[in-house]
Amino acid sequence: FAGRGQISGDLRQLKIQHQLTAPVPAELRCTIDNPLTKLGWQAELSWPAIDLHALHGSWPALTLAGTVRGSGTLNRMHTEGELHSGYQGMHADHRFAVDYDKGMVKIRRLTAALRESGANLTLHGTLTDLAKAPQAALEGEWQNLRWPLQGRALLLSKSGRFTLSGAVQHYQFHVAGDLAGERLPAGAWSISGEGGPQQLTVTQADAHILNGKLAANGTLAWQTAPQWRFAVQAEDIDPGAQWPDWPGRFALTAQLSGAVMDGVPQLQIDLTHLQGELKSVPLDADGALAIHGDQFQLAKLRIDSGGNRFTASGSLQDEWNMEWQVAAADLARLLPGSGGRLQGSGYVTGPRKQPSLTASLSGEQLRFADNSIGQISLVMAVDTQGRVPSTVELEANDATLGSLSLESLRLHGD
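Residues numbered from 1 in each chain as written. Predicted model: local features only at pLDDT ≥ 70, side-chain atom pairs only at ≥ 80, totals over all residues. Heavy atoms only, no water.

Engineer: I would appreciate a short explanation of the overall build of the protein in the present structure.
Structural biologist: Looking only at helices and strands, the protein features 2 helices and 27 strands. At 33 Å, the protein has a C-alpha radius of gyration far larger than the 22 Å of a compact globule built from 414 residues. When the backbone C-alpha atoms are referred to their principal axes, the protein occupies close to 115 × 45 × 45 Å. Per-residue burial for the protein yields a buried fraction of 28% across its 414 residues. For the protein, contacts bridging at least 24 residues in sequence account for 28% of all contacts bridging at least 6. Of the charged side chains in the protein, 33 are positive and 41 negative; the average position of the first set lies 11 Å away from that of the second. (Helix = DSSP H or I, 4+ residues; strand = E, 2+ residues; numbered from the N terminus. Rg over C-alpha atoms; globule rule 2.2 N^0.38 Å. Buried < 20%, exposed > 50% of the residue type's maximum accessible area, 1.4 Å probe, protein only. Contact = heavy atoms within 4.5 Å. Lys, Arg positive; Asp, Glu negative; His and termini not counted. Charge placed at Lys NZ, Arg CZ, Asp CG, Glu CD.)

Engineer: Is there a simple way to explain the side chain of Ser-356 in this structure?
Structural biologist: In this fold, Ser-356 is placed in strand β24 (residues 356-368). Reaching out from Ser-356, the side chain makes a polar contact with the side chain of Asp-383 at a distance of 3.2 Å. The contacts of Ser-356, once residues within four sequence positions are left out, are Tyr-347, Val-348, Thr-349, Val-382, Asp-383 and Arg-387. (Polar contact = N/O pair within 3.5 Å; in protein donor to acceptor, adjacent residues only side chain to side chain.)

Engineer: In this structure, what is going on with the environment of Ala-221? I would like to understand it.
Structural biologist: By the element assignment, Ala-221 lies in strand β15 (residues 212-221). Along the primary structure Ala-221 and Gln-169 are separated by 52 residues, whereas in three dimensions their C-alpha atoms are 14 Å apart. Once you skip the residues sitting within four places of it in the chain, Ala-221 turns out to touch Gln-198, Gln-199, Pro-226 and Gln-227.

Engineer: What exactly am I supposed to notice about the packing of aromatic side chains here?
Structural biologist: The description of an aromatic ring pair uses the distance of the two centres, along with the angle that the planes make with each other. Applying the stated criterion across every chain, the model contains 1 aromatic pair. An angle of 15° between the planes, with centres 6.4 Å apart, marks the rings of Trp-142 and Phe-162 as stacked. Taken as a pair, Trp-142 in strand β10 (residues 135-147) and Phe-162 in strand β11 (residues 155-166) lie far apart in primary sequence, 20 residues in all. The exposure class assigned to Trp-142 is buried, which follows from its relative accessible area of 10%. Above the ring of Trp-246, the side-chain terminus of Lys-279 is found at 4.7 Å from the ring centroid. (Phe/Tyr/Trp six-rings, centres within 6.5 Å; stacked < 30°, edge-to-face > 60°. Lys NZ or Arg CZ within 6 Å of the ring centre and 35° of its normal.)

Engineer: Can you walk me through the pattern of salt bridges in this structure?
Structural biologist: When their charged atoms lie close together, side chains carrying opposite charge are able to pair. According to the stated counting rule, one finds 16 salt bridges in the structure shown. Of the charged contacts in the structure, one is a salt bridge between Arg-309 and Asp-304, with a shortest N-O distance of 2.7 Å. Asp-304 gets classed as buried once you look at its relative accessible area, which sits at 19%. A salt bridge links Arg-410 to Glu-393; the nearest nitrogen and oxygen atoms lie 3.5 Å apart. You can see Arg-410 sitting in strand β27 (residues 404-413) and its partner Glu-393 sitting in strand β26 (residues 391-401), a full 17 residues away along the chain. Exposure remark for Glu-393: the relative accessible area of 25% places this residue in the partly exposed category. Look at the salt bridges and you will find they share partners, linking Asp-284, Asp-286, Lys-300, Arg-302, Asp-304 and Arg-309 into a network. (Salt bridge = Lys/Arg side-chain N within 4 Å of Asp/Glu carboxyl O.)

Engineer: Just checking my understanding: could you explain the nonpolar core for this structure?
Structural biologist: As a rule of thumb, nonpolar side chains are buried together in soluble globular proteins. Core analysis: the biggest nonpolar cluster contains 8 residues, these being Leu-210, Ala-234, Ile-237, Phe-250, Leu-252, Ala-254, Leu-274 and Ala-285. In terms of residue count, strand β17 (residues 248-261) provides more of this core than any other element does, 3 residues in total. Excluding residues that lie within four positions of it along the chain, Leu-252 makes contacts with Val-232, Gln-233, Ala-234, Leu-271, His-273 and Leu-274. Among the nonpolar cores identified, the runner-up in size contains 7 residues, and Tyr-171, Leu-200, Ala-205 and Ala-216 belong to it. (Core = buried A, V, L, I, M, F, W, Y, C linked by side-chain atoms within 4.5 Å.)

Engineer: Just to check I follow, could you spell out the pairing of strand β20 (residues 295-305) for this structure?
Structural biologist: When a strand is regular, its side chains alternate between the sheet's two faces. Where strand β19 (residues 281-292) meets β20, 9 bridges bridge the pair, whose relative direction is antiparallel. Bridging across to β20, Asp-284 finds its partner in Asp-304. What sits between the antiparallel neighbours β19 and β20 is a turn of 2 residues, in which Gly-293 has the positive phi angle 65°. When β20 meets strand β21 (residues 308-316), the two strands line up antiparallel, connected through 8 bridges. From the neighbouring strand, Arg-302 faces β21, where its bridge partner is Thr-311. What sits between β20 and β21 in their antiparallel hairpin is a turn of 2 residues, with Gly-306 showing a positive phi close to 55°. (Pairing = 2+ DSSP bridges.)

Engineer: In this structure, what is going on with unusual backbone geometry? I would like to understand it.
Structural biologist: Most of the time, phi is negative for any residue but glycine, and the peptide bond is trans. For the peptide bond that leads from Ala-22 to Pro-23, omega is 5°, which places it in the cis range. Looking at the secondary structure, you find Pro-23 in the loop between β2 (13-22) and β3 (26-33). Here the bond from Trp-147 into Pro-148 is cis, since omega is -5°, no more than 30 degrees from zero. With respect to the helices and strands, the residue Pro-148 is situated in the loop between β10 and β11.

Engineer: Can you walk me through a nonpolar patch on the surface in this structure?
Structural biologist: Together, Trp-147, Leu-149, Leu-154 and Leu-155 give the surface a local cluster of nonpolar side chains, amounting to about 380 Å² of exposed area. Residue position: Leu-154 is located in the loop between β10 and β11. (Patch = residues over 30% accessible without salt bridge, like charges linked within 9 Å, V, L, I, M, F, W, Y side chains within 5 Å. Areas by Shrake-Rupley, 256 points an atom, 1.4 Å probe, with all protein chains shown as cover.)

Keep in mind these values describe shape, not function.
Here it is in structure tokens:
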């Protein structure tokens, strides 16, 4: 450290002026009134932009400049100021006004504005009982938040507000605002909950999206490892509001749980029920999927649509062990412009990257657009490793493919 200063005055008032030249330039101006009786003070500290990384190699490459002004006594204090920061091409302006009075901090104003995106965050409130059990009562709002802070935005929120109250051991919070993203439909969100040092509980989360409503509640814990468990309900959801080619309306109930153990993510999805319609096609489904790193366990998957059913179950670890069945008694209800009946089943087994595929399919009076097939059957057994012979058997009768008519077709491959 290097610098020089000057103290002048008497015991009624002292004036202090100090100029710091190393490791960073800074200037302090201070006046102390009645230092031996009823002490009072006024001060101002200012410094030009400094690079924190230049001060210490492990610190971020953050530049910081500002001015801080204050006044008060031994028990009371008022401070305000402006800070200007820069980091990786982003520049922000911060302003604050804070009072301290016998153990209570009152944040009159705390704002942060990002110049490049126009994002703005405002906070005010109080902190009490700082010496024993600190309590907070804070509230604020934001405008034009986005993530990431620069580049292509994945999440956007034009405006919102929040409140936080309580102590570290037990606090309550509420967040409400609009939210949209590259893969998230635009909607209005509201989240309320409570928490402590080791767990956060979302008592109610509501979202008005896709012309419907989504509700959830659950817990998030991090004592030993990140863990979460949530129940989700949705009603009147219309995908067509975001993707016009997929109009519909459905409701669902699901449970989501997971954890990160030893750096490996785990996820359990239990779709208790999904019911509605998609593109005017009735839909009824349920299923259960467990994911552990790159391993999958599909306990069940069932999709019913107007007399047509698809089911699947199995696992994928080092090897495949998957089976599926399809029974479509009326394809016209499943795919507009189609018709006929189709049923079949199959298996996927063997090594992860080179599995064996077996399938058996049969159909009658199939049609799609200008194509039709009176009868068709397919039997196949393909080993992508080549350990055993692979075979394909295909038979079709009374087929019309555009302008081509086939009385019968039989294909055998091995």
